[in-house]
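Residues per chain, in single letters:
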Amino acid sequence: MALVLPVMVTVLTPATSANLGPGFDSLGLALQLYNRFEVEEWGSDPDHPKIEVIGALGEGLSTGPDNMFFQSFMLLLKRLQVPIPSVRIRMTINIPHGCGLGSSATAVVGGLMAANEWVRALGLAVPKEELLEMAVEAEAGNHPDNVAPALLGGLVATTHVDGKIHAIKTKFPNSLRAVIFTPSFPMDTVAGRKLLPANYPKADVTFNTGRVALLLTALQTGRYELIGEAMQDRLHQPIVRHSSLLCPISSMLL
Ligand SMILES: Nc1ncnc2c1ncn2[C@@H]1O[C@H](COP(=O)(O)OP(=O)(O)OP(=O)(O)O)[C@@H](O)[C@H]1O
Ligand SMILES: N[C@@H](CCO)C(=O)O
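Residues numbered from 1 in each chain as written. Chains lettered and ligands numbered in written order. Predicted model: local features only at pLDDT ≥ 70, side-chain atom pairs only at ≥ 80, totals over all residues. Heavy atoms only, no water.

Just to check I follow, could you spell out the site of ligand 2 for this structure?
In the vicinity of ligand 2, the residues found are Ala18, Asn19, Phe24, Asp25, His143, Asp145, Asn146 and Arg193. Taking Asn146, its side chain carries an N or O atom lying 2.9 Å from an oxygen atom of ligand 2. The separation between an oxygen atom of ligand 2 and a polar side-chain atom of Arg193 is 2.8 Å. Relative to its unbound accessible area of 260 Å², ligand 2 is 86% covered by the protein chains. Of the residues belonging to the shell around ligand 2, the class tally is two nonpolar, three polar and three charged. (Near = heavy atom within 4 Å. Polar contact = N/O pair within 3.5 Å; in protein donor to acceptor, adjacent residues only side chain to side chain. Areas by Shrake-Rupley, 256 points an atom, 1.4 Å probe, with all protein chains shown as cover. Nonpolar A, V, L, I, M, F, W, Y, C, P; charged D, E, K, R; others polar.)

Structural data, given as structure tokens:
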């Protein structure tokens, strides 16, 4: 029996909120808002995919070969030494980019997932742990707290241990809803990181470690009245709050 590669793969990847509360670089939550990526065989030039963007929120995203979804799609195929097919990609964009909702993570994870489904019939599909390692490499900054929940869904705790990424999905109560305030202008997260100090006072570190513990425990035990306090942070939110460069209205929200 001949193995047939799929004619079309569709992937939905969720928006994510990283740096959740006190969980700087470590806690991320998937949201029920999705970008949709469809890939199908088309044309005869593997180096130049036809990329269509649907939705006003996708304005400004590249439709050239440097498109992040396409780059991630190729990344896995190249690693598996599978020939790159000539494709058409349709991206339906429902998540604003550059606004802290993990738009690039949807493209990175979407591309890897689509490629993984593309090769599944060949018996070459790789486990999610491997996709996660590749997604973190592909996502600027090398932090897993957007790509891990984009890949696994739900609330995900992440960290590096001896160079290996650990990402554990934990239960998030169905009864809680996220309300997102996102600016109508882009925020530069790379510029924001440069404002962070190299060292922190011990009191700020223990403030955060205590609140990470409180947040996770409050979610697991139903002590929702503690969540407001447990979401407080001293490692990055105070910098955002005081930086008009990042978000002039954030001081009203945090
Ligand atoms: N949905 C998408 N599809 C393809 N490429 C994308 C998408 N979203 C972002 N990118 C690309 O990812 C890179 C980083 O974009 P950007 O800074 O807007 O990231 P972001 O993930 O939206 O930001 P944030 O970290 O604030 O959520 C840019 O090259 C951008 O074109
Ligand atoms: N923790 C990451 C989230 C974005 O991937 C950061 O602050 O850069």
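From this point on, the discussion continues.
What is the right way to look at the pairing of strand β2 (residues 27-41) in this model?
Here is the key point about a regular strand: its side chains alternate between the two faces of the sheet. By the bridge criterion, nine bridges tie strand β1 (residues 8-17) to β2 in an arrangement that is antiparallel. Residue pairing for β2: Met8 is matched across the bridge by Glu40. By the bridge criterion, three bridges tie β2 to strand β5 (residues 155-161) in an arrangement that is antiparallel. Each bridged residue has a counterpart across the sheet, and for Gly28 the counterpart in β5 is Val156. Here six bridges tie β2 to strand β4 (residues 87-92), and the two strands are oriented antiparallel to one another. (Pairing = 2+ DSSP bridges. Helix = DSSP H or I, 4+ residues; strand = E, 2+ residues; numbered from the N terminus.)

Would you mind going over helix α2 (residues 103-118) with me for this structure?
Given 3.6 residues to a turn, an α-helix orients residues that are three or four positions apart in the same direction. Taking 1.5 Å of rise per residue, 16 residues should cover 22 Å, and α2 covers 22 Å from first to last C-alpha, within 8% of that figure. In terms of burial, α2 is largely enclosed, as 13 of its 16 residues are buried. (Expected span 1.5 Å × (residues − 1). Buried < 20%, exposed > 50% of the residue type's maximum accessible area, 1.4 Å probe, protein only.)

Got a minute to help me understand unusual backbone geometry in this structure?
The phi torsion of most residues other than glycine is negative, and most of the peptide bonds are trans. Although it is not a glycine, Asn19 adopts a positive phi angle of roughly 50°. Along the chain, Asn19 falls in the loop between β1 and β2. On the accessibility criterion, Asn19 (24% relative accessible area) is partly exposed. At Asp162, a residue that is not glycine, the phi angle is positive and equals roughly 50°. Secondary-structure assignment places Asp162 in the loop between β5 and β6 (164-170). Exposure remark for Asp162: the relative accessible area of 81% places this residue in the exposed category.

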